[in-house]
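# Observations on chain architecture
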Amino acid sequence: MSTFLGMPAMRAGRGPSPDAAPGTLGGVGRPEDPLHWGATFPDAAKAALENEQLRRNLGNATRTIRTKRARVVGEVPDWEALRDAGSAIKADVLARLPELLETLERNVTARGGVVHWARDAAEANRIVADLVRAKETDEVVKVKSMATQEIGLNEALAEEGIAAVETDLAELIVQLADDMPSHILVPAIHRNRTEIRDIFLERMADAPPDLTDVPRELAMAARAHLRRKFLSAKVAISGANFAVADTGTLAVVESEGNGRMCLTLPETLITVMGIEKLVPTFDDLEVFLQLLPRSSTGERMNPYTSMWTGVTPGDGPQEFHLVLLDNGRTKVLADEAGRSALHCIRCSACLNVCPVYERVGGHAYGSVYPGPIGAILTPQLTGEKSDLPYASTLCGACYEVCPVKIDIPSILVELRAREVALAGSAPDAGDRVWKAAMKAASFAMADGDRFRRAARVPRALRAISRHGVIKRLPFPGSLWTRSRDLPEPPKQTFRDWWAEREDER
Ligand code: SF4
């Protein structure tokens, strides 16, 4: 049974690196640019929509998390006040970002950590690679981190001969399959357990040969595999959910305990964190540690919350490096209309309620940030022309569930307006056809007789409809049918129906 999204046609120069291992077992391969890969959204979405198994898997998974989230959020009487508080703290952080970052740097340094500043992905990757090389090791363990996915750290380390082992179970599955994550929180949401067993058997050298697809067995096989890695690793790499400016404390929340192993066992810990992940004071964590687990996994509390402040002699990693990553964030910060995308705490609630995400899955977005948050964050981080602002019905469900009240629909509308303005200055073929069609329509509608004759044309399309819909039209009609079906035109126009009715009177 196959559940993978399939590999859509690639944009020239945008697909997986030619050196990357080919996507096997359904993987899409590791792209050169983690923020911009694969086919355009309409093409990738079309391919995904044809995969019924994928839609079933996504529907089941998102429905389950959605229901759990709604139940536990409903238990909190001051949930709306918590959302307001989360949003206000994030707005304050963005308003004082330079000052708070300097405070964080001062406090991390005072407690024995080393802070590094990285303007972009290349700089961050170089800093991490140099730190790992200095420890004379060729393998590091990693706890799931969106920031390191965003900069393609694993691939950059591989080029230096360093293997980065993902220790989050779903991330491990994605990594072994040479695939890309398709959900922020459940990266292997597009895989079923039979596939996972196949991936383990083919790619995990120490997997038991008689492994079945029973979830417990799969988890035990991964656990045994990872334990050996934890015990031998000299260096660990993590992300951070939060960094407290006035104490220099970093926090990681997770549910498998792999994070805690990474954060405590190796001698050296390197944390890569987007500069927006700050909170001003330790008390602010109280708000986010309530908002995050309920919004993401529908749990009252996440099982593991690890916090560390610099280094402690004789306890845990004896060397701690914090890499503060910009990679387009200051550009987003400068944008008054879009900056609240930086409030995001990566809970993934917006993905689980999005009717578009539920049907097409994460790979269609061509970025490590899928779903509604990806549709506003990716185009802003890359600054490139993008289809993603259109990957939404604007139903508003994402705003309703966002724990930090990011008004995603309004930002989508703003980004669409910018795309239209850009297209207006350099119209593409689609725009030219659209304008020509509008001109023809206005000519037909300007005269009653012309309109009557024109209204008969769509009826001819009934000949090619199947089960009430037309799935494919030749150009220029294909500009419509490539992303949506066309309903079968009615047998009779309204004018003819009216005339008939009048005659009968
Ligand atoms: S935009 Fe809001 S709902 Fe979506 S992942 Fe970020 S914090 Fe969660």
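Okay, so let's go over this structure.

Definitions and cut-offs
Residues numbered from 1 in each chain as written. Predicted model: local features only at pLDDT ≥ 70, side-chain atom pairs only at ≥ 80, totals over all residues. Heavy atoms only, no water. Pairing = 2+ DSSP bridges. Helix = DSSP H or I, 4+ residues; strand = E, 2+ residues; numbered from the N terminus. Patch = residues over 30% accessible without salt bridge, like charges linked within 9 Å, V, L, I, M, F, W, Y side chains within 5 Å. Areas by Shrake-Rupley, 256 points an atom, 1.4 Å probe, with all protein chains shown as cover. Salt bridge = Lys/Arg side-chain N within 4 Å of Asp/Glu carboxyl O. Buried < 20%, exposed > 50% of the residue type's maximum accessible area, 1.4 Å probe, protein only. Axes fitted to C-alpha atoms, helices over the stretch in contact; angles between N-to-C directions. Left-handed = near helix turned anticlockwise from the far one by under 90°. Contact = heavy atoms within 4.5 Å. Nonpolar A, V, L, I, M, F, W, Y, C, P; charged D, E, K, R; others polar. Near = heavy atom within 4 Å. Phe/Tyr/Trp six-rings, centres within 6.5 Å; stacked < 30°, edge-to-face > 60°.

## Comments concerning the sheet that holds strand 8 (residues 278–279)
- Taken in spatial order, the 4 strands of this open sheet run 8-5-6-9, and their pairing is mixed. The two strands at the open ends of the sheet, each matched to only one other strand, are strand 8 and strand 9 (304–309).
- Of the pairings in the sheet, the one linking strand 5 (residues 242–244) to strand 8 comprises 2 bridges and is parallel in character. Bridged to Val244 within strand 8 is Val279.

## Observations concerning the pairing of strand 2 (residues 139–142)
- In this sheet, strand 3 (residues 163–166) lies alongside strand 2 in parallel orientation, the contact comprising 4 bridges. In the strand pairing of strand 3, Val141 is matched with Val165.
- In the sheet, strand 2 pairs with strand 4 (residues 235–238) via 3 bridges, with the strands oriented parallel. Residue Val140 lies in a different strand from strand 4, and its bridge partner there is Val235.

## Points about a nonpolar patch on the surface
- Judged by side-chain polarity, Phe494, Trp497 and Trp498 come together as a nonpolar surface patch covering roughly 360 Å² of accessible area.
- Among the structural elements, Phe494 can be located in helix 22 (residues 494–504).
- Judged by its relative accessible area of 58%, Phe494 is exposed.

## Examining the packing of helix 8 (residues 169–176) against helix 9 (residues 193–203)
- Taken N-terminus to C-terminus, the directions of helix 8 and helix 9 make an angle of 60°; their axes are 10 Å apart at the nearest point. Both helix 8 and helix 9 take part in a crossing whose hand is left-handed. Only Ile196, Ile199, Phe200 and Arg203 of helix 9 make contact with helix 8, whose side of the interface consists of Leu169, Ile173 and Leu176.
- Split by residue class, the contact of helix 8 with helix 9 holds 6 nonpolar, no polar and 1 charged.

## Focus on the site of the ligand
- Surrounding the ligand, one finds Cys344, Ile345, Arg346, Cys347, Ser348, Cys350, Ile373, Cys402, Pro403, Val404, Ile406 and Ile408.
- Looking at the shell around the ligand residue by residue, the classes come out as 10 nonpolar, 1 polar and 1 charged.

## Topic: the packing of aromatic side chains
- Across all of its chains, the model carries 7 aromatic pairs by this definition.
- Both rings, one in Trp308 and one in Phe320, keep their centres 6.0 Å apart while their planes meet at 85°; by these two values the pair is edge-to-face. Here Trp308, found in strand 9, pairs with Phe320, found in strand 10 (residues 319–325); they are 12 residues apart in sequence, far enough to count as distant. Of the two residues, Trp308 and Phe320, both sit in the buried class.
- What links up through ring pairs into an aromatic cluster is the set Phe41, Tyr357 and Tyr365.

## Some remarks on the environment of Asp503
- Residue placement: Asp503 occurs in helix 22.
- When the C-alpha atoms of Asp503 and Ile464 are compared, they prove to be 32 Å apart, with 39 residues separating the residues in sequence.

## Things to note about the sheet that holds strand 3
- Across the sheet, which stays open at both edges, the 6 strands sit in the order 1-10-7-4-2-3 with parallel pairing between neighbours. Since the sheet does not close on itself, it has two edges, and those belong to strand 1 (114–118) and strand 3, each with one partner. Here the average twist between neighbouring strands, direction ignored, is 25°.
- In this fold helix 4 (residues 97–110) packs onto strand 1, strand 7 (268–274) and strand 10, with an angle of close to 145° to the strand it touches most, strand 1.

The values are spatial; any link to function lies outside them.
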